[in-house]
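# Observations on chain architecture
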Amino acid sequence: MGQVVIENPILNSPFFEPTRHFKFSDEGITNEIINARRTSSYFIPVAQPKKKGKQLSFDTEWIGDRIKENEFINQIRSRVSIWRSGGYHSITKTTRQLLEYWFNPNRDKKLFFCQIEALETLIYITEVANRTGDAWIENTLKQANEEANPFLYRIAFKMATGSGKTVVMAMLIAWQVLNKLANLQDSRFSDTFLIVTPGITIRDRLRVLLPNDPQNYYHQRDILPSDLMDELGKAKILITNFHAFRLREFNGASKLTKNILSKDGINPFTETSDQMARRVCRELGNKKNIIVINDEAHHCYRRKPDSEIDGLIGDERKEAKKRDEEARIWISGLEAVKGKIGTKVVYDLSATPFFLRGSGYPEGTLFPWVVSDFSLIDAIESGIVKVPRVPGVRQICWYDSSTRPILP
């Protein structure tokens, strides 16, 4: 296939549902424009690069059967679109107030369509689907979780890096908290949150989700009217990184002492899972029915039962084992919190919610509990993220979300 030059990749507004996209052929992207929204799909990963001398070479041949449609996501997207067009029936007064506020055309700080769609999807599943003959959505999610996360109920959102996942978290928290405070007996909602991140840097960056933070997103991104901020302040929100789920030792007893006092594999100098859960969630007090939000959730998975890390050697095998151990700590920690304290649901956000190599699942397989998808190419065509510059490839210019040209 010859080189394709696309001078301006932006086809859609970031604030409205996409209506056009560039066509992909069996050989790759083309400059042909299709007047419809791109269906959700993903590409099965190509073979690993092979070393030739000191350089890497990649098999860049595009094969059609590497493209797999996300039928579950596309079916949900269709139902949400019909519901949106019908005026958002069967929702609470609080939810309607929030949707109207987010969609207000006179907003100074407009929200991206992909951010609102993620919340629309969650609202539809939580408040509407079971009332309108779409119980199949929840049933499919329960089946997917029973197979991969038998002790947890997870719902995942796929959003390109740069499309504003943190804003979506703020919207999600606001929707849950305000609905719970409006009706304390409504078991669909909660005002208590445990936000889990893969590291300290991301944990600190997510402080903007705390209502009392000076830079909180509820004010900075205009998620809520100012008169509702006091209500939001009643929520319990704890942000931690998954490393907090590691079982800690109580004291520095010698190895010999530990061996002598340990019985049946139980070490009295190490926390139990219940003790760890109480420690991690201490700031949440006696709250139950916690909502968990996983950031970069592709790091959180349970290895497929009876599977091994096959086909990997050397550094690749070591890296896969390291990822697997970290994933085990993360998901085991969530299971401990669920067992000791109680969680309602786990919301996963990630740009790449796929099973990693060494997980026991085919590499690149989408988490089956993903319900919403806004991919990198969608974000590029909507002008939300910048197009990466490729050295040696002829480019005239790319554009960012403000439509200002970015010269090569």
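Here the structure is shown first, and the text comes after it.
The rules behind these values
Residues numbered from 1 in each chain as written. Predicted model: local features only at pLDDT ≥ 70, side-chain atom pairs only at ≥ 80, totals over all residues. Heavy atoms only, no water. Core = buried A, V, L, I, M, F, W, Y, C linked by side-chain atoms within 4.5 Å. Buried < 20%, exposed > 50% of the residue type's maximum accessible area, 1.4 Å probe, protein only. Helix = DSSP H or I, 4+ residues; strand = E, 2+ residues; numbered from the N terminus. Contact = heavy atoms within 4.5 Å. Polar contact = N/O pair within 3.5 Å; in protein donor to acceptor, adjacent residues only side chain to side chain. Pairing = 2+ DSSP bridges. Axes fitted to C-alpha atoms, helices over the stretch in contact; angles between N-to-C directions.

Within the largest apolar cluster, 81 residues are counted, with the highest numbers of intra-cluster contacts made by Trp102 and Ile173. Residue contributions to this core peak at 11 residues, all from helix H5 (residues 165-182). Residues within four places of Trp102 in sequence aside, it is in contact with Arg107, Leu111, Ile116, Leu119, Met171, Trp175 and Ile223. Core analysis: the second largest hydrophobic core is formed by 23 residues, Phe245, Val292, Ile331 and Val346 among them.

Attention now goes to the side chain of Arg154. With respect to the helices and strands, Arg154 occurs in strand S7 (residues 154-159). Its relative accessible area of 0% is what places Arg154 among the buried residues. Polar side-chain contacts of Arg154 include one of 2.9 Å to the backbone oxygen of Cys300. Those residues within four positions of Arg154 in sequence are excluded, and the remaining contacts are Leu141, Asn145, Asn149, Asn294, Ala297, Cys300, Tyr301, Ile331, Val346, Asp348, Phe367 and Trp369.

Turning to the pairing of strand S8 (residues 192-197), a few remarks are in order. Burial analysis of S8 places six of its six residues in the buried class, the great majority of the element. Residues of S8 alternate between two faces, with Thr192, Leu194 and Val196 on one and Phe193, Ile195 and Thr197 on the opposite face, all of them buried.

The next thing to look at is the sheet that holds strand S11 (residues 343-350). In spatial order, the strands read S9-S8-S10-S11-S7-S12; together these six strands make up an open sheet with parallel pairing. Where the open sheet ends on each side, the last strands, each with one partner, are strand S9 (236-241) and strand S12 (370-374). Each adjacent strand pair in this sheet contributes to an overall mean axis angle of 15 degrees, direction not counted. When S7 meets S12, the two strands line up parallel, connected through four bridges. Counterpart to Phe157 in the pairing with S12 is Ser372.

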